[in-house]
Amino acid sequence: MRHIIATGLKHPTPVELIMTEKTPDLQGPVCPVPKKHTETIMLGHGSGGKMMADLIKDVFYSRLENEPLLAGNDAGVVELTDGLCLAISTDAHVVSPLFFSGGDIGRLAVCGTVNDVSMVGAVPLYLTASFILEEGLDIKILEKVVESMSKAAEEAGVDIISGDTKVVAHGEADGLYISTTGVGLLDSRIEIGGSKAKPGDKVLVSGTIGDHGIAVLEARGELGFKTQLESDVAPLNHLIEDIMAVSKNIHVLRDPTRGGVATALNEIARQSGVGIILDENSLPVKPAVVGACEMLGFDPLYIANEGKLLAVVSPEDADMVLVAMRKSQYGQEAAVIGQVEAEPAGRLLLKTALGATRIIDVLAGELLPRIC
Amino acid sequence: MCLGVPGKIIEIYEKQGLQMAQVDFSGVRREACIEHVPEAKIGDYAIIHVGFAISLLSEEEAQETLELLRQVIAAGEMEDEDLP
Amino acid sequence: MKYLSEYRDAELVHSTIAKIAERITQPWTMMEICGGQTHSIIKNGLDQLLPEEVELVHGPGCPVCVTPLELIDKALEIASLPGVIFTSYGDMLRVPGSRGDLFSIRASGGDVRVVYSPLDAVRLAQENPDREVVFFAIGFETTAPANVMSVIQAERLKLDNFSILVSHVRVPPAIEAILSSPSNRVQGFLAAGHVCAVMGYWEYLPLAEKYHIPITVTGFEPLDITRGILATVESLEAGTNVVKNAYIRTVTEKGNRSAQAVINRVFENCDRKWRGIGIIPGSGWRLKPAYAHFDAEKRFHVEAIQADESPLCISGQVLQGLKKPDQCQAFGAPCTPENPLGATMVSDEGACAAYYRYRTQTPHAGGIDHD
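Residues numbered from 1 in each chain as written. Chains lettered and ligands numbered in written order. Predicted model: local features only at pLDDT ≥ 70, side-chain atom pairs only at ≥ 80, totals over all residues.

Draft legend 1. Summary view of the overall build of chain C. What chain C contains, in helices and strands, is 17 helices and 11 strands. Counting the 371 residues in chain C, one finds 63% classified as buried. Within chain C, contacts between residues separated by at least 24 positions form 77% of all contacts whose residues are at least 6 apart in sequence. (Helix = DSSP H or I, 4+ residues; strand = E, 2+ residues; numbered from the N terminus. Buried ≥ 20, exposed ≤ 12 C-beta atoms within 10 Å, placed from the backbone. Contact = placed C-beta atoms within 7 Å.)

In structure tokens, the structure reads:
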């Protein structure tokens, strides 16, 4: 069977593809096609990008179907009583190394879950924490981590009210893994979620992007660079209280963790069925993050943040929300970075500094430095 | 190919028989091998590719490029510049 | 960032583009050799801003794209050996061999590590004297000075546990292969700025002469690329076949002599297979006999590995500038960056990946949205 593919505008000569029974399917060594890894877990499945999203959809959603889960927000929300909802979220922390400039696994464990609960507009109240400790871990390290968790919890105004401890053999837990679950309450009239963005809304970010990811990469030492950067890990619930106090028209809140701003906004665009256009000139990025990204071939839009949030706000409230953010401890460098439009639905675009427009896709798999 | 980024040489030293430098990229420091640019001095800018300096940047020529183009905007005319 | 931001100045870029529009009187087809240039063009949307008469076709300028399948298979074979630490630039991890990729080797326990610099691999060899450290030495001429230095340094440090798997390619033979093809449409070249920083551009003079084609050494920032295009358009309009240097702050005609000397000490020319194009004579580099003991292919006895590539995807034609990525039926579905069908989609520098990531249009007829 001969299959003529369409011709391009500039080239009238058709190109023939000859399809026979022996034609291999278009995955694998036909061309240097990166394999679609569906049989074994790869590190890419944990990097926050499309590989992870597909895994979640194929393995988890398909077997654990329920409305709060499928809503795909940072926390699951259920109605408790008339007028009152419960928000609950869980997160595991496997960061290596355990300590890095600006934070540590303990602070991350508390802030990450406090933030997830807050992103649906809930007030976070209580956390649980479960620890998987590696045989051989210096107890002083554990003490430092728990100290840090205590401080972070105090800053956020939450209590850690239940926990668990397990120990695994040497070599099995990178020192220490922590999983936290958080609960909070919200008024059922609050409707903040990934599907609520509307054409005309403005997109705000609470500060500079890419700090955490680069700080951790530096701490790992494999790529050999040094900066003065610190992770931005911080609890954002007070910032969220501040902005919710000035506006009832905050439609979406999301913290752009693994996968970065690009992945988070793509998700929102898809969930809400809208287009989001970012303005390259408005993106707040620290010079050292720019430097590290240029050197390694990264794009700051894909680098993780642990103390920043994205807010999609109705246009009439955007300025007020921006002012409130900048007054808050963790929002001083907040900026308006884009807006929501009806088209192209489900897509994130960037208006470049030169004025052209291009698509920003989700992160595919693992973020790898490149030489090309 | 060739992700090469300009960085400023801020320190020069020898390490295991190789001429090395500390290079600064907007506040990011990394070690790079400067064996291929033996004339490098502290304060020079070099194009760094995979941890190696492959070329020194000529400040003079960099300015020349920009200046020629700024003249275009000012005058609205561009002479066919004498690209070597 | 100094020496970068100035060359992204929107006003200067737009006025250069306006100059191109002023000078151009007919359509011209030019090829940018380097994947990094493709990336910059599409990332900044330059192709949307340039006059219609300028047709840019994307060349085979990505070592990831052109690495032949059997070399990947050799890499996988070596990486899966116990006791081996297999080091590589990040780009190569996603490239699949006949069965699996470096990710899958790592997932099943192989010690595969990304390094930023070849000297990091040498350091690993020093730190792990009881392990064999292999470095995947891919690249064009730009990366050669670094790759060969790893061998020179390993020799100086008397390391017997370090070797490199070589897949080096050279640009001038590729240009010649493209220009001598009967279906060639390329009328001018934007030569790769950093390749020329190392090699100079003296090698292009005879090519420009022989094929009567203008070649302009071009950088990577938007202003550099538009300047390179302007210079090429001016040559084409004037009917001249000069070699021009539009990246004067970094490139000289002679290039980096010191780097060239070091390359010549360790490497010699050889034939190389380019994925999607075939064997281009004299287009590669391999280790000289004096350095044969650093050759991982010999050390691990993987020389005999062969692989068959079925030319189903049209990467080769895209690489030769004969087709645009979105003219491929598979573009967008099933061929996407996370399930790419072609070399050109694999690498972030590949033309297809650049098109897919940065395009505003939805994929070509036959493609469905990847969500």
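Resuming the write-up.
Draft legend 2. Main features of the sheet that holds strand E2 (residues 54-58) of chain C. Residues and elements named next belong to chain C. Read across the sheet, 5 strands follow the order E2-E1-E7-E8-E9 without closing on themselves; strand pairing throughout is parallel. Looking at the sheet topology across the chains shown, the edges are occupied by E2 and strand E9 (243-245). The mean inter-strand angle of the sheet, taken between neighbouring strand axes irrespective of direction, is 25°. Here strand E1 (residues 28-32) runs beside E2; their pairing, made up of 5 bridges, is parallel. Of the residues in E2, the one forming a bridge with glutamate 32 is histidine 58. In the packing of helix H2 (residues 35-43) onto the sheet, the strands contacted are E1, E2, strand E7 (188-192) and strand E8 (215-218), and the crossing angle to E1 comes to about 120°. (Pairing = 2+ DSSP bridges. Axes fitted to C-alpha atoms, helices over the stretch in contact; angles between N-to-C directions.)

Draft legend 3. Spatial organisation of the interface of chain B and chain A. Listed as interface residues are 11 residues of chain B and, on the opposing side, 16 residues of chain A. Among the elements that make up the side of chain B that touches chain A, the one with the highest residue count is strand E3 (residues 28-33) of chain B (4 residues). As paired elements, strand E11 (residues 225-226) of chain A and E3 of chain B share 2 bridges and run antiparallel to each other. Within E3 of chain B, the residue paired with phenylalanine 225 of chain A across the bridge is arginine 30 of chain B.

Draft legend 4. Molecular detail of the pairing of strand E10 (residues 202-205) of chain A. Residues and elements named next belong to chain A. Every second residue of E10 is oriented toward a common face, with Lys202 and Leu204 on one face and Val203 and Val205 on the other, all of them buried. Bridge count between E10 and strand E14 (residues 310-313): 4 bridges; the pairing is antiparallel. Each residue of the ladder has a partner; that of valine 205, found in E14, is leucine 310. With 4 bridges connecting them, E10 and strand E15 (residues 335-341) associate as antiparallel partners. Within E15, the residue paired with valine 203 across the bridge is glycine 338.

Draft legend 5. Representation of the confidence of the model for chain C. All names here are of chain C. A residue-level look at chain C finds 82% of positions with pLDDT of 70 or above and a mean pLDDT of 84. Note that pLDDT drops below 50 for residues 329-352; the model gives that stretch 117 contacts with residues more than four away or on any other chain. Note that residues 354-371 has pLDDT below 50 and, in this model, 43 contacts with residues that lie over four places away or in other chains. Quick note on the complex model: pTM equals 0.88, ipTM equals 0.87. (pLDDT = per-residue confidence, 0-100.)

Draft legend 6. Here's a closer look at the environment of serine 314 of chain A. Residues and elements named next belong to chain A. Within the secondary structure layout, serine 314 lies in the loop between E14 and helix H9 (315-327). Exposure remark for serine 314: the 17 C-beta atoms within 10 Å place this residue in the partly exposed category. As for serine 314 and lysine 202, which are separated by 112 residues in sequence, their C-alpha atoms are 6.2 Å apart. Setting aside anything within four residues of it in sequence, one finds serine 314 in contact with Asp201, Asn249 and His251.

Draft legend 7. Spatial organisation of the packing of helix H1 (residues 10-23) of chain C against helix H12 (residues 222-238) of chain C. All names here are of chain C. Interhelical geometry of H1 versus H12 gives an angle of 15° and a closest axis separation of 9 Å. Judged on the interaxial angle alone, H12 and H1 are roughly parallel. The chirality of how H1 crosses H12 is left-handed. Facing Leu12, Val13, Thr16, Ile17, Lys19, Ile20 and Arg23 of H1, the residues of H12 in contact are Pro222, Leu223, Thr226, Arg227, Ile229, Leu230, Val233, Glu234 and Glu237. Taken together, the residues of the contact of H1 with H12 sort by class into 9 nonpolar, 2 polar and 5 charged. (Parallel < 35°, antiparallel > 145°, perpendicular 65-115°, else oblique. Left-handed = near helix turned anticlockwise from the far one by under 90°. Nonpolar A, V, L, I, M, F, W, Y, C, P; charged D, E, K, R; others polar.)

Draft legend 8. Structural view of helix H4 (residues 139-156) of chain A. Residues and elements named next belong to chain A. With 18 residues, H4 should reach 26 Å at 1.5 Å per residue; the first-to-last C-alpha distance of 26 Å fits that figure. Inspection of H4 places Val145, Ser148, Met149, Ala152, Ala153 and Ala156 among the buried residues, and these make up the whole buried set. Along the axis of H4, the buried residues cluster in a sector spanning 135°; they form a single face. Facing away from the buried side of H4, by more than 90 degrees, are the exposed residues Ile139, Lys140, Glu143 and Glu154. In this fold, the buried residues of H4 make contact with strand E6 (103-104), helix H3 (105-118), strand E7 (123-134), strand E8 (159-168), strand E9 (176-187) and helix H6 (237-246). Looking one or two places after H4, you find glycine 157, whose phi comes out positive at around 80°. (Expected span 1.5 Å × (residues − 1). Arc of directions from axis to C-beta.)

Draft legend 9. Up close: the sheet that holds strand E10 (residues 267-274) of chain C. All names here are of chain C. With respect to topology, 6 strands assemble into an open sheet ordered E4-E3-E5-E6-E11-E10, the strand pairing being mixed. Strands with a single pairing partner mark the edges of an open sheet, and in this sheet they are strand E4 (111-114) and E10. If you compare each strand with its neighbour and ignore which way they point, the axes differ by 25° on average. In the sheet, E10 pairs with strand E11 (residues 278-287) via 7 bridges, with the strands oriented antiparallel.

Draft legend 10. How the structure looks around the nonpolar core. Leu204, Ile276, Ala311 and Val321 of chain A, Ala46 of chain B together with Phe189 and Ala191 of chain C are the most contacted members of the largest nonpolar core, which has 232 residues in total. Beyond its immediate sequence surroundings of up to four residues, valine 321 of chain A is in contact with Leu204, Ile243, Val246, Ser247, Ile250, Ala311 and Val313 of chain A. (Core = buried A, V, L, I, M, F, W, Y, C linked by C-beta atoms within 7 Å.)

Draft legend 11. Structural view of the packing of helix H7 (residues 118-127) of chain C against helix H8 (residues 144-156) of chain C. All names here are of chain C. Between H7 and H8, the least distance of the axes is 8 Å, while the angle of their chain directions is 25°. Taken together, the axes of H7 and H8 are roughly parallel relative to one another. When you trace H7 past H8, the crossing you get is right-handed. Judged by residue contacts, Pro118, Leu119, Ala121, Val122 and Ala125 of H7 engage Ala146, Asn147, Met149, Ser150, Gln153 and Ala154 from H8. Here the residues of the contact of H7 with H8 sort into 8 nonpolar, 3 polar and no charged.

Draft legend 12. Layout of unusual backbone geometry. At the junction of serine 96 of chain A and proline 97 of chain A, the peptide bond is cis and its omega measures out at 5° in the coordinates. With respect to the secondary-structure elements, proline 97 of chain A resides in the loop between strand E4 (84-93) and strand E5 (99-100). A cis amide bond links glutamate 343 of chain A with the next residue in sequence, proline 344 of chain A, at an omega value of -10°. If you trace the backbone, proline 344 of chain A turns up in the loop between E15 and strand E16 (348-351). Despite not being glycine, valine 50 of chain B shows a phi value in the positive range, around 45°. Tracing the backbone through its elements, the reader meets valine 50 of chain B in the loop between strand E4 (45-49) and strand E5 (52-56).

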